[in-house]
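Residue strings, one per chain:
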Amino acid sequence: ADGGANCDGMGSLSPHMMDSPALNQTIANSILKPVLKGLRARGISYSGPIYLGLRIDADGRPHLLEINTRLGDSESQTIFPRVDEDLFALLMRMTSGERVERRLKVKPRSCVTITLSAGAKSALKDQAELDRDTDWPFRDIGSGEIVRFFPALLAEKAMVFWAGVEQSADNSLRTRAGRVAHISALGGSIREARDRVYASIQSVCFQGKRWRTDIGA
């Protein structure tokens, strides 16, 4: 759905238009199961999230880019609003060693998340400069900018997940550079969720705010 320069973490959507039982089975058989087999072969007892960063090619084949033992960012902010059960209780069962093999119960709703970042690549002026900027997507323009939050400007079913922020000595909220906040919104379709999340952009304001305009397009 995205075009042009991009990186992970600038936005996400759920459910994805490429999601299918066949693709999920391929990912499980060719990527996830070998990872779990490798953990067992090394005597590693692991309880927690496994994040698979994948690229799906034009033929629908998955390619593994990265593996993380953490929740995805901004993927988590898209998945969590759709969870329709007590996620905390489920995670606690897993940490106690209980084996839970089932899918999460999810709401029949779509969710789109966009990332508000400090100094992303779109802040630069021309394509030549874009191509030279090796620090993208979180080009350093300095931290410490005041962050202002206006809840009244959030659209229906929209919410904010804070990320690269900190409270200063004067109790104001300030940027720490990078991903400053994620705005997520639920909707009856990807389009409705996308409209709501982009309508909520001005609920979070800070100097140098950047975001992609094509998430879910």
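Predicted model, so just to flag it, every value in this text is computed and none were measured. (Residues numbered from 1 in each chain as written. Predicted model: local features only at pLDDT ≥ 70, side-chain atom pairs only at ≥ 80, totals over all residues. Heavy atoms only, no water.)

A. Structural context of the overall build of the protein chain. For the protein chain, the count of helices and strands is five helices and 11 strands. Expressed as a percentage of its 217 residues, the buried residues of the protein chain come to 37%. Element-wise, carbon and sulfur atoms account for 52% of the exposed surface of the protein chain, whose accessible area totals about 12,800 Å². (Helix = DSSP H or I, 4+ residues; strand = E, 2+ residues; numbered from the N terminus. Buried < 20%, exposed > 50% of the residue type's maximum accessible area, 1.4 Å probe, protein only. Areas by Shrake-Rupley, 256 points an atom, 1.4 Å probe, with all protein chains shown as cover.)

B. The arrangement of the pattern of salt bridges in detail. Counted by the stated rule, this structure contains 10 salt bridges. In this structure, R174 and D170 form a salt bridge, with 3.5 Å as the shortest nitrogen-oxygen distance. A relative accessible area of 51% means that D170 is categorised as exposed. R196 is the salt-bridge partner of E192, the closest N and O atoms lying 3.3 Å from each other. Within this pair, E192 and its partner R196 are both found in helix α5 (residues 190–199), separated by four residues, close to a single helical turn. (Salt bridge = Lys/Arg side-chain N within 4 Å of Asp/Glu carboxyl O.)

C. Fine view of the packing of aromatic side chains. Summed over all chains, the structure comprises one aromatic pair. Look at F149 and W162: their rings are 5.4 Å apart centre to centre, the planes differ by 90 degrees, and that puts the pair in the edge-to-face class. With F149 in strand β5 (residues 148–149) and W162 in strand β6 (residues 158–162), the pair connects residues that are 13 residues apart, well separated along the chain. Take F149: its relative accessible area is 33%, and that puts it in the partly exposed class. Note on W162: relative accessible area 34%, which makes it partly exposed. Just above the ring of Y51 sits the side chain of R70; from NZ or CZ to the centre is 5.5 Å. (Phe/Tyr/Trp six-rings, centres within 6.5 Å; stacked < 30°, edge-to-face > 60°. Lys NZ or Arg CZ within 6 Å of the ring centre and 35° of its normal.)

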